[in-house]
Amino acid sequence: MSAPKAQLETLPRSLTLMLAVALIGLAAVPVFGADYTIGLVTSMMIMAIFAMSLDLLQGVTGLVSLGHAAFFGLAGYALAFMTPSGQAVSLWWTLPLAVGASALAALLIGFFVVRTHGIYFIMVTMAFAQMVYFLFFDIKALGGSDGLYLNFKPDAGLFDLEDKRVFFWFTLACLVATYAFLRRLLFSPFGRALAGIRANGHRMRALGFASFSHKLAAFTLAGALAGLAGYLWAAQTGFMNPELMGFHMSAHAIMMVILGGMGNFAGAIVGAFAFEYLLHLFKDLPDIGSFRTGKHWQLWMGLFIVAIVILAPRGILGLLARWLQRKETGDD
Amino acid sequence: MDFASFLIQLLNSVQYGLLLFMLAAGLTLIFGIMGVVNLAHGSFYMLGAYLAWSLAARLGSFALAIVVGTLLAVAFGLLLEKVLIRHFYHRDHLDQVLLTFGLIYIFEEMRSILWGDDVHGVAMPALLAASIPLTDTLSYPVYRLFMSGLCIVLAIGLYLLISRTKLGMKIRAGAFNHEMTEALGVNIRLIHALVFALGVALATVAGMIAAPISSVYPNMGGSVLIMCFVVVVIGGIGSVRGALIAALLVGFVDTFGKVLLPQVSGMLVYMLMALVLLYKPEGLFKA
């Protein structure tokens with residue numbers, strides 16, 4: 001049972017080029033797209049930020065968290081608490097506070113969970129996320145099972161987030177910034193140490209690296225970035241409920257990272273877009289006779305997940321890279 | 001809290017703990033021996049409850065439903081192991097998590113297509129429907145005692161199977177050193193298939209006997225799965241004895257938490273887990 005492998009840490013030039021073209025296409029969506037498309041792609045980008053934050057743990061450090069949605073939800077709830085019912089609040093202080101709340105929770109929970117590894121880590125992260133879930137589910141003052149609603153998007157001052165297009169570009173800017181930051185981090189001494197912990201934790205300790213503090217820092221940072229995604233999600237949709245912190249949400253994030261190809265952050269973006277698109281596709285399937293195909297979307301998603309795990313465990317980027325490589329070397 | 005209500009809560013906590021043990025035992029065995037993390041374990045509990053509901057109606061007898069349901073569960077477990085799980089023993093935990101998460105979705109929808117999305121009640125067998133009076137106003141249902149009794153019998157059976165039989169010896173040997181056991185001529189694939197089917201059967205039986213008191217509803221496996229994870233983490237992964245003690249502990253904390261501290265009862269069990277992790281990161285009984 002080897003540690004999960006990161007793939008394509010250095011992206012082939014052809015892949016980078018494809019991503020750059022995709023980015024230009026993405027920036028043009030609000031110009032040509034309908035309102036529905038703009039909203040859909042915005043939510044995909046938010047999920048991409050969430051998936052990248054998990055990739056820092058899953059792909060880079062080799063820690064599989066089944067409770068990452070807790071930090072996504074916490075920042076969203078934080079924004080909901082800070083937004084009064086009658087007016088908008090400033091983006092510039094609510095965003096740092098909400099992200100800080102997620103980071104603090106990740107630091108606290110991380111203190112317990114990063115002592116464990118492997119299977120324990122999976123189970124314990126899931127259990128702690130469930131604890132956070134119950135906190136919000138049980139306590140009426142925190143929204144209870146119905147969740148909370150936000151009437152206004154945060155007020156940015158310089159630009160108007162109530163405009164769907166502006167919100168789209170703001171989310172895109174967050175996505176690009178997060179990607180650039182994480183790519184830089186990946187090749188910094190800290191990122192190299194995390195990759196070392198994934199490859200061989202014992203050896204890293206023997207070399208004198210404090211793996212506990214490195215893992216805790218990674219867990220906290222990943223929680224903070226998940227918080228950024230959760231904040232944007234709450235701002236976009238205007239509501240938060242406990243299900244957004246549930247274990248299905250966490251498992252979806254794992255699936256996004258796997259689907260794209262993990263350990264390089266670009267895969268997490270591709271995976272998030274592909275996963276969210278499929279989710280919409282499956283939910284909108286037409287009925288066949290009396291069989292309500294769309295209602296049973298979980299069946300198709302389940303079969304798809306099982307098929308991916310069996311057929312393409314290296315994800316879309318892995319397949320793409322192999323295909324490009326084959327074209328370059330000419331053998332088929 | 002007077003003595004009679006204390007006794008009732010104590011019996012309830014033991015009953016809940018034993019039920020959790022039935023589920024957690026399979027989970028911890030499957031991990032300890034095959035190294036597979038199975039998120040779909042809660043689904044077997046749900047399938048058991050629905051089987052009890054549909055078979056009891058069809059066969060007209062709850063006891064017969066349990067027997068037939070158990071046989072179906074074993075067959076289902078063997079099939080699932082052969083088709084899918086077997087190929088994931090040596091894969092990353094990550095792949096196992098995803099595979100079994102996909103299975104949760106598939107099982108949930110199979111349930112929806114076969115049995116619909118309604119909540120159902122299952123009648124208690126007439127023989128066990130009575131209550132034992134404790135005071136003028138308080139009584140304890142016989143069926144809950146029967147549940148605890150059956151779980152204890154199965155727990156003892158499981159203990160004897162693993163520690164006293166030849167098959168149990170092979171199971172333990174396989175968990176200790178899988179290649180060496182195979183080299184000695186033990187059919188380890190068969191052992192693995194049997195252990196997996198045993199885990200499925202235990203979870204299904206737990207679902208079947210819980211059906212009359214918990215009712216039968218969609219997604220009922222999810223919350224139970226997470227409780228089982230907590231039990232396995234506290235008890236130590238791979239340890240059946242640890243699972244028993246942790247399950248009783250969790251049952252006790254959860255039941256009394258709901259009575260004494262109802263506002264935070266949902267979180268108490270997780271706090272217990274955090275406390276254990278702080279001092280024993282690998283659980284109380286490391287296997």
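Starting afresh in each chain, residues are numbered from 1 along the sequence in its written order. In the order they appear in the text, chains get letters beginning with A and ligands get numbers beginning with 1. It should be noted that, the model being predicted, local features are given only for residues of pLDDT at least 70 and side-chain atom pairs only at 80 or more, the latter also being counted only at that level, while totals for whole chains, interfaces and linings use all residues.

1. Topic: the overall build of chain B
A run of DSSP states H or I qualifies as a helix once it reaches four residues; a run of E qualifies as a strand once it reaches two. Both are numbered from the N-terminal end. The number of helices and strands found in chain B is 11 helices and two strands. Taken from the N to the C terminus, the helices and strands of chain B come in the order α-α-α-α-β-β-α-α-α-α-α-α-α. Its C-alpha radius of gyration of 19 Å places chain B within 12% of the 19 Å reference for a compact globule of 287 residues. Its C-alpha atoms give chain B principal-axis dimensions of about 65 × 50 × 35 Å. Exposure in this text rests on C-beta crowding, where 20 or more other C-beta atoms within 10 Å of a residue's own make it buried, 12 or fewer make it exposed, and counts in between make it partly exposed. The C-beta atoms are placed from the backbone. Taking all 287 residues of chain B together, 48% fall into the buried category. By definition, residue pairs are in contact when their C-beta atoms, positioned from the backbone, come within 7 Å. Looking at chain B alone, contacts between residues at least 24 apart form 75% of all its contacts between residues at least 6 apart. This radius of gyration counts C-alpha atoms alone. The globule rule is 2.2 Å times how many residues there are, raised to the power 0.38.

2. What to know about the overall build of chain A
Summing up its helical and strand segments, chain A has 13 helices and two strands in all. Taking 2.2 N^0.38 as the reference for a compact globule, 332 residues should give roughly 20 Å; the C-alpha atoms of chain A span a radius of gyration of 20 Å, in line with that estimate. Counting only C-alpha atoms and orienting by the principal axes, one finds that chain A spans roughly 60 × 50 × 45 Å. Relative to its full complement of 332 residues, chain A shows a buried share of 48%. Here the analysis covers contacts within chain A between residues at least 6 apart in sequence; of these, 78% occur between residues at least 24 apart.

3. With respect to the environment of Val-31 of chain A
All names here are of chain A. Within the fold, Val-31 resides in helix H1 (residues 13-32). Assessed through the 8 C-beta atoms surrounding it within 10 Å, Val-31 is described here as exposed. For the pair formed by Val-31 and Arg-165, sequence separation is 134 residues and the distance between their alpha carbons is 8.1 Å.

4. Details of helix H5 (residues 142-164) of chain B
All names here are of chain B. Here, expected helix span is obtained from the residue count minus one, scaled by 1.5 Å. Between its first and last C-alpha atoms H5 spans 32 Å; for 23 residues at 1.5 Å apiece the expected length is 33 Å, and the two agree. Listed in full, the buried residues belonging to H5 are Met-147, Cys-151, Leu-158 and Ile-162. Buried-residue contacts for H5 involve helix H1 (3-34), helix H6 (166-176), helix H8 (188-214) and helix H10 (240-260).

5. Let's talk about the interface of chain B and chain A
Opposite the 34 residues of chain B that make contact, chain A presents 38 residues. When residues of the side of chain B that touches chain A are traced back to their parent elements, those giving at least two are helix H4 (93-115), helix H9 (220-235) and helix H11 (265-279) of chain B. Of all the elements, H4 of chain B adds the most residues to the side of chain B that touches chain A, at 15 residues. Classifying every residue of the side of chain B that touches chain A gives 24 nonpolar, six polar and four charged. Amino acid classes used here: Ala, Val, Leu, Ile, Met, Phe, Trp, Tyr, Cys and Pro are nonpolar; Asp, Glu, Lys and Arg are charged; the rest, including Gly, are polar.

6. Overview of the nonpolar core
Core analysis: the biggest nonpolar cluster contains 207 residues, and Ala-48 and Ala-127 of chain A together with Val-230 and Val-231 of chain B have the highest contact counts within it. By residue number, the principal contributor to this core is H8 of chain B, which donates 17 residues. As used here, a nonpolar core is made of buried Ala, Val, Leu, Ile, Met, Phe, Trp, Tyr and Cys residues. They are joined through C-beta atoms within 7 Å.

7. Details of unusual backbone geometry
Notably, Phe-265 of chain A is not glycine yet its phi reads approximately 70 degrees, a positive angle. In this fold, Phe-265 of chain A is placed in the loop between helix H10 (247-260) and helix H11 (266-283).

8. Quick word on the confidence of the model for chain B
On a range of 0 to 100, pLDDT expresses the predictor's confidence in each residue. Of the residues in chain B, 100% reach a pLDDT of 70 or more, and the chain-wide mean stands at 91. Across the whole predicted complex the pTM is 0.91, and at the interface the ipTM reaches 0.89.

9. Some words on the environment of His-120 of chain B
Relative to the helices and strands, His-120 of chain B is located in the loop between H4 and strand E1 (131-133). When sequence neighbours within four positions are dropped, the list of residues in contact with His-120 of chain B reads Trp-53, Ser-215 and Val-216 of chain B.

10. Here we look at the confidence of the model for chain A
In this model, chain A carries an average pLDDT of 90, and 97% of its residues clear a pLDDT of 70 or more. Within chain A, helix H9 (residues 211-237) of chain A carries the highest mean pLDDT (97), whereas helix H13 (residues 315-329) of chain A carries the lowest (79).

11. A closer look at H8 of chain B
Residues and elements named next belong to chain B. End to end, H8 covers 38 Å across 27 residues, agreeing with the expected 39 Å (1.5 Å per residue, within 8%). The buried fraction of H8 amounts to 22 of the 27 residues, a majority that puts the element mostly inside the structure. Ser-215 lies just past H8 and shows a positive phi near 65 degrees.

12. So, the packing of H11 of chain A against H13 of chain A
All names here are of chain A. The angle between two axes is taken between their N-to-C directions and runs from 0 to 180 degrees, where each axis is a line fitted to C-alpha atoms and a helix contributes only its stretch in contact. Two elements in contact, H11 and H13, have axes whose closest approach is 8 Å; the angle formed by their N-to-C orientations is 115 degrees. Taken together, the axes of H11 and H13 are roughly perpendicular relative to one another. Contact residues: Ala-266, Gly-267, Val-270, Gly-271 and Ala-274 in H11; Gly-315, Ile-316 and Leu-317 in H13. Counted by class, the contact of H11 with H13 contains five nonpolar, three polar and no charged residues. Reported orientations rely on four angle classes, namely roughly parallel under 35 degrees, roughly antiparallel over 145, roughly perpendicular from 65 to 115, and oblique for the rest.

13. As for the environment of Gly-294 of chain A
Within the secondary structure, Gly-294 of chain A sits in the loop between H11 and helix H12 (297-311). When residues no more than four places from it in sequence are discounted, the contact partners of Gly-294 of chain A are Lys-283, Asp-284 and Leu-285 of chain A.

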